[in-house]
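Structure assessment
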Amino acid sequence: LNLVVTEPIPIIRANYLTLFLAILEESGVDCGACLQQFNLPTTLHDRPKGYLPLKPVLSFVQCAVRGGDLDRFIQRIGNRLSVTDFAADLRSAAEHVPSLQSALQGFCELADREQSTARYRIDPAGDAVRVCCFLGDGLMSDFDCFGEWLQILTLCALVRRFAGNRGAPSEIALRSPRAPGECSRRVFPGTSLVTGPAETCVT
């Protein structure tokens, strides 16, 4: 008897595809062909709490934004994503706690409910706190870069819940060697953006 051991398929909450579609359609992008290319549903009204395979969703974004507009798309997600977009248990962990520290601890425990590959840990960093995101091994392709930004933006949405819209990290370290564009920098105008370290971290 030969047993084949396969890795779990990474998944993401369908709500994120809904958010991506809304932003793209506001920009006049026809997403139908790209959705079909990656076997993604054209409507999500019947699965508001469902999940989708992660890689086709990230590849769909690459197809729909036509590569060069990825930076602008990241900016628009950063401006819109909020705690209200989180799954109910993660949203509750963010909204019903007394401090940002408690919220970050709950977030690190439950983040894989949003994206199954998401792993976060909190490291002390002097007077600051550094939250590191695990993204897996291997070379970073463009859609991995977008997945990296999505994890960062999800974390920053939590921070804004406590610190307000002006709450921004002092530093974001991007594992991807792809330099952030001007649109991404506008989301974090006072943040030092570093590329190429071993881990993705938000300080």
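Residues numbered from 1 in each chain as written. Predicted model: local features only at pLDDT ≥ 70, side-chain atom pairs only at ≥ 80, totals over all residues. Heavy atoms only, no water.

**A look at the packing of aromatic side chains**
Here is the rule we go by: Side-chain rings of Phe, Tyr and Trp (the six-membered ring for Trp) are treated as a pair once their centres are within 6.5 Å; stacked means planes under 30 degrees apart, edge-to-face means over 60, and tilted covers the remaining angles. What counts as a helix is a DSSP run of H or I of at least four residues, what counts as a strand is a run of E of at least two, and both are numbered from the N terminus. We call a residue buried when its accessible area falls under 20% of the maximum for its residue type, exposed when it is over 50%, and partly exposed in between, using a 1.4 Å probe and counting protein chains only.
All told, the structure shown has six aromatic pairs when counted by the stated rule. Ring centres of Phe-20 and Phe-73 lie 5.8 Å apart, and the angle between their planes is 65 degrees; this geometry places the pair in the edge-to-face category. Of this pair, Phe-20 sits in helix 1 (residues 14-26) while Phe-73 sits in helix 4 (residues 70-80); the two residues are 53 residues apart in sequence, bridging distant segments of the chain. Overall, the relative accessible area of 0% leaves Phe-20 in the buried class. On the basis of relative accessible area, Phe-73 is assigned to the buried category, the value being 4%. Measuring from ring centre to ring centre gives 4.8 Å for Phe-107 and Tyr-120, while their planes differ by 65 degrees; the resulting arrangement is edge-to-face. Of the two residues, Phe-107 is situated in helix 6 (residues 100-110) and Tyr-120 in strand 3 (residues 119-125); the sequence distance between them amounts to 13 residues. Using a relative accessible area of 1% as the deciding quantity, one classes Phe-107 as buried. The structure contains a cluster of three or more aromatic residues connected by ring pairs, namely Phe-20, Phe-73 and Phe-146.

**Considerations on the pattern of salt bridges**
Rule in force here: A side-chain nitrogen of Lys or Arg and a carboxyl oxygen of Asp or Glu constitute a salt bridge if their distance falls within 4 Å.
Summed over all chains, the structure comprises six salt bridges. The salt bridge partner of Glu-114 is Arg-13, with a shortest N-O separation of 3.1 Å. Of the two residues, Glu-114 is situated in the loop between helix 6 and strand 3 and Arg-13 in strand 1 (residues 11-13); the sequence distance between them amounts to 101 residues. With respect to class, Glu-114 is no different from Arg-13; both count as buried. A salt bridge links Asp-123 to Arg-121; the nearest nitrogen and oxygen atoms lie 3.1 Å apart.

**Quick look at helix 1**
Formally: By this rule the span expected of a helix is its residue count minus one, scaled by 1.5 Å.
With 13 residues, helix 1 extends 19 Å from end C-alpha to end C-alpha; this agrees with the ideal 18 Å at 1.5 Å per step. Those residues of helix 1 that fall on the buried side of the exposure criterion are Ala-14, Tyr-16, Leu-17, Leu-19, Phe-20, Leu-21, Ile-23 and Leu-24. Positioned one or two residues after helix 1, Gly-28 has a phi angle of 80 degrees, which is positive.

**Some thoughts on unusual backbone geometry**
The phi angle at Asn-39 is positive, at roughly 55 degrees, despite the residue not being glycine. Of note, Asn-39 is situated in the loop between helix 2 (32-37) and strand 2 (51-53). Judged by its relative accessible area of 70%, Asn-39 falls in the exposed class.

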